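# Summary of structural features
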Amino acid sequence: MDVAKAKSAFSKVALPMGVLVAILCAAQTLKYFNLLPIFVPGPWDVVMQIWTSPTLVSSNVLPTLYKASAGYLIAAIVAVCAGSLAVLVRMLYGPIYNFGVCINSVPIIATAPLIALTMGNGPQVQIAIAALASQFPMLVGTMQGLRSADARQLELMHVLSASKLQTLRYLLAPGALPFMLAGFKIAAPSAVLGAITAEWVGADRGIGALMLYALFSYDTPKVWLSVLLTCALAASGYGLMALVQHYVLWWDRDVELES
Amino acid sequence: MSKDLRVFDVSMEFTRRDSNVLALDRVEMNVPAGRFVSIIGPSGCGKSTLLRLIADVMQPSAGRVAVGGRSPAEARREHEFGFVFQSPTLLPWRTVLQNIELPLDIVGRSKRPHSSARDLIELVGLKGFESALPPELSGGMQQRAAIARALMLRPSVLLLDEPFGALDEITRQRMNLELLRIWAETGTTALLVTHSIAEAVFMSDQVLVMSERPGRITGIVEVPLARPRTLDMMRSTAFFECVNRVRDGLFGVEAHAGSTEHHDMPLVVEAY
C-alpha cells in the first residue's frame, strides 16, 4: 500500500475512531471524578447495560427494525408509484408533490395518537408512521429522476422510434435510478426515527418503548442506551442504502435532490 | 441504399409566451440520394429546426417534407434516419459497445439488417474502447461512438446537427476527414448543419446558405472539388472560390464592401 492510500485510510477510519475513543475516555474520567451532571452516565455504564441484559437490546431492537423496515418498504412502493403517476399525468404533478410536502410537514408526535385511534393499538400504527415519515425523499427522488432525461436523449429515442415502454426501460428508469437511490438513502433514517417516535404513543416493545420506560424510571444509562441504539439503527439503514447505491450505480453519478 | 430528401415550402412558427416567432420561412430544398449537402447559417436561423422537421422530431407549421417520396413519420418508423446531435448524447450507464447497440435493443436484433457493432467500432476508430463508459472518453471519441450508433441500422439518410461544434480545431479537422470516409463507405445521403464555412465547403457537394431569422435559403453553392477530398484541396483556388461565394451568400454586400474583389488572393481568406 502506498503512502497516499495509507494516509487516506488513516484519515477516513483511524482518525474518527481515535477522536471517538478519546472523547469516551475523557467522559469516563470526568464521571470517575464526579464532574459530569447526574443525568449523564459514564460510557462504561451504558455499555454495561448491554452486558448485563443482552435480551433487553435484542427484544427491543428487533421489533423497531421490523416496524421501520415494513414502513419504509410500503413508503418506497407508494412513493415510486405516486412519483411515476405524477410524471406520467402532468395535471397530477403539482397535487402529488404538495401532498408529499404536507405529509412531511405534519408533526409525528401529534398524529401518532390520531392514527392509533383509527388503526387500533399495535405495530400497524408504528409501521404507518414510519411510512409517513420516510416517504418524501423517495417521492422527490422518483419525480426528479424520471424527469432527468434531457431533450436530446428523448429526441434520440424518438428518432429510433422507441415505444413508451422502451423509452422507460432504456432511458427513463436507468436515468432515474441515481435520484431514486439518493432519496432511498436519505429516507432510511427517517423511517427508523418515525417508528421510534410512534412507539412512544403505545408499544410494549421497541427502542421507543425502552426509551419511554427508562425516562419515567429515571434510569439514565438505559435512556442513553436507547439513544445509542437509535443512532446505530438509523445509521445502519443509511449505510446499507449507501452500499446499495455504491454497487448499483456503476456509472458513478453524484446527484443532488432538490426539496 | 440512400434516399433523396425534399422539402416543399416548409414554414415553422414557434409560440413563445404571447408572440409567435417565425423560425423558417417557406424553405425549399432538394437533396439527391447519396449526396453530401450542408446547411450553413448564423446561430438561431432555424437550421437545426429544419433537421428536426426532416427527422419527424417536430411537425412543420406549413409545407411538406418527403424522404424517398414518403413522409418523415413513415421514414422514421422504417429507421431510415441516423441522427447525430451536437452533443454525443450517449447514455452514461452503457458502455461504448452497448451505446452503439442501443438501436438494436430497440428494434430487435433479428428484425432488420444491421451492421456489426464490431465493424462499426473499427470504422470509427474506437477499437479497444468497447467496454469503456462514456465519461472515460474524450469529446471526440464520444462523438465517434455517437456516429457509430447513428450508422447501426444502416440509415439511408444521415442527419448531422453541428456534430463537431464542441470539438477543438485539430480534432474537428480529423473527424471531418473520417466522417467523409465513413460516408463514402456507407453511401448514405448526408445532411450536415454547421456554422463553419470551411467545414461546409470541404465536406459537401452542395452548400445551402440560410439567412438570419426567419430562416430562408438564400443561396446554393455547388462545390466542384473531386472525391475523395483531401486536406490539400483546402489550398486550391476552387476551394477558396466556394468559401468566398458562401461568405458572400451569408453576408451579402457587407463582405464586398470590406474585402473588395480579391478573390484570387487566398491569403486574405480565413479558413474557419
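Residues numbered from 1 in each chain as written. Chains lettered and ligands numbered in written order. Predicted model: local features only at pLDDT ≥ 70, side-chain atom pairs only at ≥ 80, totals over all residues. Heavy atoms only, no water.

## Observations concerning the overall build of chain A
Regarding its fold elements, chain A presents ten helices and zero strands. Ordered by position from the N terminus, the helices and strands of chain A form the series α-α-α-α-α-α-α-α-α-α. Dimensions of chain A along its principal axes, counting C-alpha atoms only, are 75 × 60 × 25 Å. Look at the contacts in chain A between residues 6 or more apart in sequence, and 74% of them connect residues 24 or more apart. In the structure as shown, chain A presents an accessible area of about 14700 Å², 72% of it carried by carbon and sulfur atoms. (Helix = DSSP H or I, 4+ residues; strand = E, 2+ residues; numbered from the N terminus. Contact = heavy atoms within 4.5 Å. Areas by Shrake-Rupley, 256 points an atom, 1.4 Å probe, with all protein chains shown as cover.)

## What about the interface of chain B and chain A?
Of the residues lining the interface, 24 residues belong to chain B; the matching set on chain A comes to 18 residues. Between chain B and chain A the total buried area reaches about 2000 Å² when both faces are included, carbon and sulfur atoms providing 69% of it. Three residues, Arg76(B), Trp93(B) and Ile106(B), lead the burial of chain B against chain A; their summed loss comes to 35% of the area buried on that side. Across the pair Glu155(A) and Arg52(B) runs a salt bridge, and its minimum N-O distance is 2.8 Å. Seen at the junction of chain B and chain A, the total is six residue pairs in polar contact (both at pLDDT 80 or more). Those elements that place two or more of their residues in the side of chain B that touches chain A are α2 (72-77), β5 (81-84) and α4 (102-107) of chain B. Of the residues contributing to the side of chain B that touches chain A, the split by class is 14 nonpolar, three polar and seven charged. (Buried area = accessible area lost by both parts, 1.4 Å probe. Salt bridge = Lys/Arg side-chain N within 4 Å of Asp/Glu carboxyl O. Polar contact = N/O pair within 3.5 Å; in protein donor to acceptor, adjacent residues only side chain to side chain. Nonpolar A, V, L, I, M, F, W, Y, C, P; charged D, E, K, R; others polar.)

## A few points about the domain arrangement of chain A
By domain assignment, chain A separates into domain 1 (1-36) and domain 2 (42-248). Here the C-alpha centre of domain 2 of chain A lies 31 Å away from the C-alpha centre of domain 1 of chain A. (Domains from an automatic or database assignment.)

## Notes on the nonpolar core
Counting 117 residues, the largest nonpolar core has Met29(B), Phe36(B), Ile54(B), Leu159(B), Leu191(B) and Phe239(B) as the members making the most contacts within it. Ranked by residues supplied to this core, first place goes to helix α8 (residues 164-201) of chain A with nine residues. If sequence neighbours within four positions are ignored, Leu159(B) has contacts with Leu5(B), Leu51(B), Ile54(B), Ala55(B), Phe81(B), Gly82(B), Phe83(B), Val84(B) and Leu191(B). By size, the runner-up hydrophobic cluster in this structure holds 16 residues, among which are Ala68(A), Ala130(A), Ala195(A) and Ile196(A). (Core = buried A, V, L, I, M, F, W, Y, C linked by side-chain atoms within 4.5 Å. Buried < 20%, exposed > 50% of the residue type's maximum accessible area, 1.4 Å probe, protein only.)

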